[in-house]
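Residue-level listing of the chains:
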There are 2 protein chains.
Amino acid sequence: MMNTLAITGEALIGGVAVKGSGSAIYAYNPGLQQQMEPAFHAVDLQQIDQACRLADAAFDQFRALSDEQRAVFLETIAEQIMALGETLVERVMAESGLPRLRIEGERGRTVGQLKLFASLLREGSWHDVRIDPALPERTPPRPDLRMRMIPVGPVAVFAASNFPLAFSVAGGDTASALAAGCPVVLKAHSAHPGTSELVGRAIVKAVELCGLPAGVFALLTGSGNGIGQELVRHPAIKAVGFTGSRSGGTALMAVAAARPVPIPVYAEMSSINPVFLLPQALAARAEDIAQGFAASLVLGVGQMCTNPGLVIGIDGPDLARFTATAAQALAGGAACAMLSSGIAGSYARGIHQLEQHADVSTLALAGQEAGKGAPALFRTTAAAFLSQHALSEEVFGPASLVVACRDLAELHQVAESLEGQLTATLQMDAADLDTAQALLPLLERKAGRILANGYPTGVEVCSAMVHGGPFPSTSDGRSTSVGTGAINRFLRPVCYQNLAQALLPPVLRDNSEADTGAGTNAGRWHRRDGVLTRA
Amino acid sequence: MMNTLAITGEALIGGVAVKGSGSAIYAYNPGLQQQMEPAFHAVDLQQIDQACRLADAAFDQFRALSDEQRAVFLETIAEQIMALGETLVERVMAESGLPRLRIEGERGRTVGQLKLFASLLREGSWHDVRIDPALPERTPPRPDLRMRMIPVGPVAVFAASNFPLAFSVAGGDTASALAAGCPVVLKAHSAHPGTSELVGRAIVKAVELCGLPAGVFALLTGSGNGIGQELVRHPAIKAVGFTGSRSGGTALMAVAAARPVPIPVYAEMSSINPVFLLPQALAARAEDIAQGFAASLVLGVGQMCTNPGLVIGIDGPDLARFTATAAQALAGGAACAMLSSGIAGSYARGIHQLEQHADVSTLALAGQEAGKGAPALFRTTAAAFLSQHALSEEVFGPASLVVACRDLAELHQVAESLEGQLTATLQMDAADLDTAQALLPLLERKAGRILANGYPTGVEVCSAMVHGGPFPSTSDGRSTSVGTGAINRFLRPVCYQNLAQALLPPVLRDNSEADTGAGTNAGRWHRRDGVLTRA
């Protein structure tokens, strides 16, 4: 049985720990600014191929499990993650520089979303069962037609750096792919390799405990683009889940599109999450909004996909009160350790460019330190923003740009100019309703989630969540990577025409006394002649 | 008001008929083998741009319609198509060479699918409404989260040649895109330009009658790849529906992926629709199966996406009885006019290559005539089929290839070697159940629809239909282009967090006495805390 508490620097393929033959990387403790043992060696092409072949070989058995069996598997992963206890929490803290409370909360979110997908499986409507019974008397006769969703096949998942648990090895992409019945070949993020190995071992142990084929899950080690691109090229891989940079995501999109058999890529990439300060709200509570905004901006040292990197308001005394309060709150904040030296370096370059920009003024910049992210607030005019695309590029970290507009018409122009976003936020009062209503259709075109009087950080894991949005916030705005809707990314429909009951998958069979409970007679939702029913 | 009964050779942009400035094409009557008046001039870049801009401008108003309003629009299109009467039927017959009964049936299918989407809109569950109410007492508090699907934006639709009504101007792609709330810019197929203009005029008149903005629908004229590629490149276009050749579909996929903002392409392209003759069924009723197969093969002169172009059985006397009967039925058939001289030419080249192939024997070939499709049946061995990819390429028309396997293991190998398919058919008896069960997981991976004891031609328009399948049968195996599931291709989710009731779209509002019927209190299906309900 897999020893879950070891960190040996190995990949996990076929249910066993194996050493990669490539170059070594080490974890880095950003708080202590020191390298951590052991070495993690990159997997080679043969190991990538082996992981993908085993995933393919495991696919039919894994997808044939009942909903209950797959639900228990997800719950077993959650249990095994909790069983890692302090070993996990301390390693994540060391590798990420994030505080204990955040890590424990993120662990709760991670096991919570595994359990949410387990409950989704038990509820069963994810199958989208549709039954159009035969109409033998009709001219021409209608055959018996039954549809269900099946998993697409093995999925390559790329872990994110910024949530070492919730968007990493056992994060939302893995949970939703496994829930769908897709084996997962996971590319670990080099920013937290020890965390990745611990969680990977927990999943492998859950695979063992549930008696599943070892190919259901593999963890690949290594850094750089080569491993990921080879993984996406492998013919056994049928879909990709990714959270990371725009350059990384678009590179994988290109590889996937160039395959002999193209596959879908679900990449969550880049978003500046505009916050619109509508006039009446700004007049009534500029300071309150500024305090809430500043708190949202520095959450997790600004390393959130939904970090509010852009604020749009109408120039004047109210906006000046907002910027003064926000600047004061941010300038007094401390620079904190960022997730990796790479991220800290990119952030420092990003704020340096804004500082130097002729059309940008610096409203706040906390004391900078190497490797740390200093909260920063900048200001520009709508005219400058509209004419210079570089000002709308994401600076990943606790920095935001305030865009001062002459009037509502210019505010609309700024909104119109934005690329696709994960979120758009309205700070509004009742008297701003007409203004908000005029803006809403545009925001619906631009964003996956629209908030009023809140802040975009904090992404609830639930049925109604959309953590997605038009390109480039994601590669595919028809999807969400958080919440139960995430399972739909990894499903495709199959129709069965005139198949004998014995040949039909259980979920499509007619009611019968002998049914074991997996059929439609178990009170499961399905469509009969297009009508939703449980009868 | 648009005159619906005219054929002037014009494009339809902004609700008016406009002459293209490009080169002229003419319709061709394949039965009489003569050119038809008038000339259809290709649209220019400025006209393409105008159609796309108008579609974009119409989008917000069109998508804001109630389900009832959009349902009435679809029904009005259906009425206007029927009102074209004999003018339409005669033009389709002349341009396609297809007989009256087929055309009248296809017209019935076309208006039927418009009405089916109208009923889907009224039923309302397509919105996929999800409501997770606020939990203010929880730590941390949960905000109010509500989700619905919205249309993706203007859709470019490419009409198919082989169904001049049901997969053309007002076909399944157009019906599902309009149902979703997406304006449609339609590229007419040059094989039936007069039919396209008549149906286009019917849609424009329906737009007028329903008081919708003219940009909701445009018809573009012209042939060649240039117009289509410009259309797919246009920034206002947010998705593509296509039915046609593999080369045409993959070219559009490449254009869509190379855009600054990539968009999804739903291309239905290429399928040889394997028919597996399982041993007991073949022994019991080889001749019956052969008769049914031959009838399916020549339906519509074999110009069906689901034409059975491949038959796989185990070599021996039973397979010989099958091929003898099928060959006799096909050799006695007449060569019939194909849809266009281009299709007839490709078909003639395809069967010539098979005739000349060293590893292929010709079992039947009806008398060939220029411009016509002669039924043809060929035979090869599994060994030859497995080693030569060219033998698995589609020959569009009434030709099929029988692959003789040594045993079940080789039959599995042939199945494993296949590319993605729209359909896979099992001819089986009760005694073949184990054989079928062993084959089924493989067929599920390969095809969108699996049939027993029928033939793949005949695609029912209903809730459970899947007319789709893994690449290259389509560009995106997660979708169907026939049946109500087709609407999902043109939708994306948006989540609303803590929005005031007055700002929420009606379908997401809470119950209230004042509600006009569009809200969730109208007894519509939605998910509350993840649970499906109508309460």
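Per an unreviewed UniProt entry, the recorded name for chain A is 2,5-dioxovalerate dehydrogenase, and the organism is Duganella fentianensis. Entered under Sequence similarities (unreviewed entry) in the UniProt record, the comment concerning chain A runs "Belongs to the aldehyde dehydrogenase family."

Q: What is the right way to look at the overall build of chain A in this model?
A: Within chain A, the regular secondary structure consists of 14 helices and 23 strands. Expected size for 535 residues packed as a compact globule is a radius of gyration near 24 Å; at 25 Å, chain A falls within 12% of this value. Over its C-alpha atoms, taken along the principal directions, chain A stretches across nearly 75 × 60 × 40 Å. Each of the 535 residues in chain A was classed as buried or not, and the buried ones make up 61%. In chain A, the share of contacts with a sequence separation of at least 24, taken over all contacts with a separation of at least 6, comes to 75%.

Q: Explain the domain arrangement of chain A to me, please; I cannot follow it from the model alone.
A: Think of interface size as the accessible area that goes away when the parts come together; that is how it is often given. Residues and elements named next belong to chain A. Here the domain parsing of chain A yields domain 1 (41-269 + 481-488) and domain 2 (274-452). Its C-alpha centre places domain 1 at a distance of 33 Å from the equivalent point of domain 2. Counting residues at the interface gives 11 residues for domain 1, matched by 11 residues for domain 2. If you sort the residues of domain 1 by the area they bury against domain 2, Asn 162, Arg 246 and Glu 268 come out on top, with a joint share of 41%. Counting across the domain 1 and domain 2 interface gives 1 salt bridge. For Glu 419, the salt bridge goes to Arg 246, with nearest N and O atoms at 3.0 Å. Remark: the boundary between domain 1 and domain 2 carries 2 residue pairs in polar contact (both at pLDDT 80 or more). Each residue belonging to the side of domain 1 that touches domain 2 can be placed in one class, and the counts come to 3 nonpolar, 4 polar and 4 charged.

Q: Help me out: how do you make sense of the sheet that holds strand E6 (residues 145-151) of chain A in this one?
A: Sheet strands associate in pairs through backbone hydrogen bonding, adopting either a parallel or an antiparallel arrangement. The 12 strands lie next to each other as E23(A)-E22(A)-E5(A)-E6(A)-E21(A)-E20(B)-E19(B)-E12(B)-E13(B)-E18(B)-E17(B)-E15(B), forming an open sheet whose pairing is mixed. Among the strands making up the open sheet, the edge pair consists of strand E23 (531-533) of chain A together with strand E15 (361-365) of chain B. Going across the sheet, the axis of each strand differs from the next one's by a mean of 20 degrees, ignoring polarity. By the bridge criterion, 3 bridges tie strand E12 (residues 274-277) of chain B to strand E19 (residues 421-427) of chain B in an arrangement that is parallel. Looking at the pairing, Val 275 of chain B lines up with Thr 425 of chain B of E19 of chain B.

Q: Would you mind showing me how to read unusual backbone geometry here?
A: Residues and elements named next belong to chain B. A cis geometry characterises the amide bond from Glu 37 onward to Pro 38, with omega recorded as -5 degrees. Inspection of the secondary structure puts Pro 38 in strand E4 (residues 34-41). Look at the link from Phe 471 to Pro 472: it is a cis peptide, with omega at 5 degrees. Unlike most non-glycine residues, Asp 128 shows phi in positive territory, near 50 degrees. On the basis of relative accessible area, Asp 128 is assigned to the partly exposed category, the value being 23%.

Q: What is the right way to look at the packing of aromatic side chains in this model?
A: Aromatic rings in a pair are described by how distant their centres are and how their planes are angled relative to each other. Summed over the entire model, instances satisfying the criterion amount to 11 aromatic pairs over all chains. Look at Trp 525 of chain A and Trp 525 of chain B: their rings are 5.0 Å apart centre to centre, the planes differ by 80 degrees, and that puts the pair in the edge-to-face class. Of the two residues, Trp 525 of chain A sits in the loop between strand E21 (491-497) and strand E22 (526-528) while Trp 525 of chain B sits in the loop between strand E21 (491-497) and strand E22 (526-528), which places them in two different chains. For the pair Trp 525 of chain A and Trp 525 of chain B, one class covers both residues: buried. Sitting over the face of the ring of Phe 59 of chain A, Arg 63 of chain A holds its NZ or CZ atom 5.1 Å from the ring centroid. Positioned above the aromatic ring of Tyr 266 of chain B is the side chain of Arg 489 of chain B, whose terminal nitrogen or guanidinium carbon lies 5.6 Å from the ring centre.

Q: How should the packing of helix H9 (residues 279-298) of chain A against helix H10 (residues 317-331) of chain A be read in this particular structure?
A: Two measures define how a pair of helices packs: the angle their axes make with one another and the distance between the axes. Residues and elements named next belong to chain A. Contact pair H9 / H10: the axes reach a minimum separation of 8 Å and the direction vectors enclose 30 degrees. It follows that H9 is roughly parallel to H10 by the angle criterion. Viewed along their axes, H9 and H10 form a crossing whose handedness is right-handed. Taking contact as the criterion, the partners of Leu 282, Ala 283, Ala 286, Glu 287, Ile 289, Ala 290, Gln 291, Phe 293, Ala 294, Leu 297 and Val 298 in H9 are, on H10, Asp 318, Leu 319, Arg 321, Phe 322, Thr 325, Ala 326, Ala 329 and Leu 330.

Q: Could you clarify how one ought to interpret the sheet that holds E22 of chain B in this entry?
A: Across the sheet, 12 strands lie side by side as E15(A)-E17(A)-E18(A)-E13(A)-E12(A)-E19(A)-E20(A)-E21(B)-E6(B)-E5(B)-E22(B)-E23(B); this open sheet has mixed pairing. One side of each edge strand has no neighbouring strand; the edge strands of this open sheet are strand E15 (361-365) of chain A together with strand E23 (531-533) of chain B. Neighbouring strand axes in the sheet, compared pairwise and without regard to direction, differ in orientation by 20 degrees on average. Bridging between strand E5 (residues 130-132) of chain B and strand E6 (residues 145-151) of chain B involves 3 bridges; their strand directions are antiparallel. Counted as the bridge partner of Ile 131 of chain B is Arg 146 of chain B from E6 of chain B. Most of the contacts of H10 of chain A go to strand E17 (residues 376-381) of chain A, to which it runs at about 155 degrees, and overall it touches strand E12 (274-277), strand E13 (310-314), E15, E17 and strand E18 (399-405) of chain A.

Q: Is there a simple way to explain the UniProt feature "domain: Aldehyde dehydrogenase" (unreviewed entry) in chain A in this structure?
A: UniProt's entry tags residues 22-469 of chain A with the feature "domain: Aldehyde dehydrogenase" (unreviewed entry), counted in the numbering of this structure. Secondary structure content for residues 22-469 of chain A is 45% helix and 20% strand, while the C-alpha to C-alpha distance between its ends is 37 Å.

Q: Can you help me understand the pattern of salt bridges in this one?
A: Pairs can form between side chains of opposite charge whenever their charged atoms are close. This model, assessed by the stated rule, comprises 64 salt bridges over all chains. Here Glu 369 of chain A and Lys 372 of chain A are joined by a salt bridge, their closest N and O atoms 3.8 Å apart. The partner of Glu 95 of chain B in a salt bridge is Arg 91 of chain B, and the shortest N-O contact between them spans 2.8 Å. Remark: Arg 91 of chain B and Glu 95 of chain B occur in helix H3 (residues 85-96); sequence separation between them is 4 residues, near one turn of the helix.

Q: Help me understand the pairing of E21 of chain A, please; the structure alone is not making it clear to me.
A: Every other side chain in a regular strand lies on the same face of the sheet, so the side chains alternate between the two faces. A large share of E21 of chain A lies buried, amounting to 7 of its 7 residues. Side chains Leu 491, Pro 493, Cys 495 and Gln 497 of chain A of E21 of chain A all project onto a buried face; the interleaved residues Arg 492, Val 494 and Tyr 496 of chain A project onto the opposite face, where all are buried too. Sheet topology note: the E6 of chain A/E21 of chain A ladder contains 7 bridges and is antiparallel. The partner of Arg 146 of chain A across the bridge, within E21 of chain A, is Tyr 496 of chain A. Here E21 of chain A pairs with strand E20 (residues 447-452) of chain B via 3 bridges, running parallel. Counted as the bridge partner of Cys 495 of chain A is Arg 449 of chain B from E20 of chain B.

Conventions and cut-offs
- Residues numbered from 1 in each chain as written.
- Chains lettered and ligands numbered in written order.
- Predicted model: local features only at pLDDT ≥ 70, side-chain atom pairs only at ≥ 80, totals over all residues.
- Heavy atoms only, no water.
- UniProt positions renumbered as here; feature names shortened; annotations may be inferred.
- Helix = DSSP H or I, 4+ residues; strand = E, 2+ residues; numbered from the N terminus.
- Rg over C-alpha atoms; globule rule 2.2 N^0.38 Å.
- Buried < 20%, exposed > 50% of the residue type's maximum accessible area, 1.4 Å probe, protein only.
- Contact = heavy atoms within 4.5 Å.
- Domains from an automatic or database assignment.
- Buried area = accessible area lost by both parts, 1.4 Å probe.
- Salt bridge = Lys/Arg side-chain N within 4 Å of Asp/Glu carboxyl O.
- Polar contact = N/O pair within 3.5 Å; in protein donor to acceptor, adjacent residues only side chain to side chain.
- Nonpolar A, V, L, I, M, F, W, Y, C, P; charged D, E, K, R; others polar.
- Pairing = 2+ DSSP bridges.
- Axes fitted to C-alpha atoms, helices over the stretch in contact; angles between N-to-C directions.
- Phe/Tyr/Trp six-rings, centres within 6.5 Å; stacked < 30°, edge-to-face > 60°.
- Lys NZ or Arg CZ within 6 Å of the ring centre and 35° of its normal.
- Parallel < 35°, antiparallel > 145°, perpendicular 65-115°, else oblique.
- Left-handed = near helix turned anticlockwise from the far one by under 90°.

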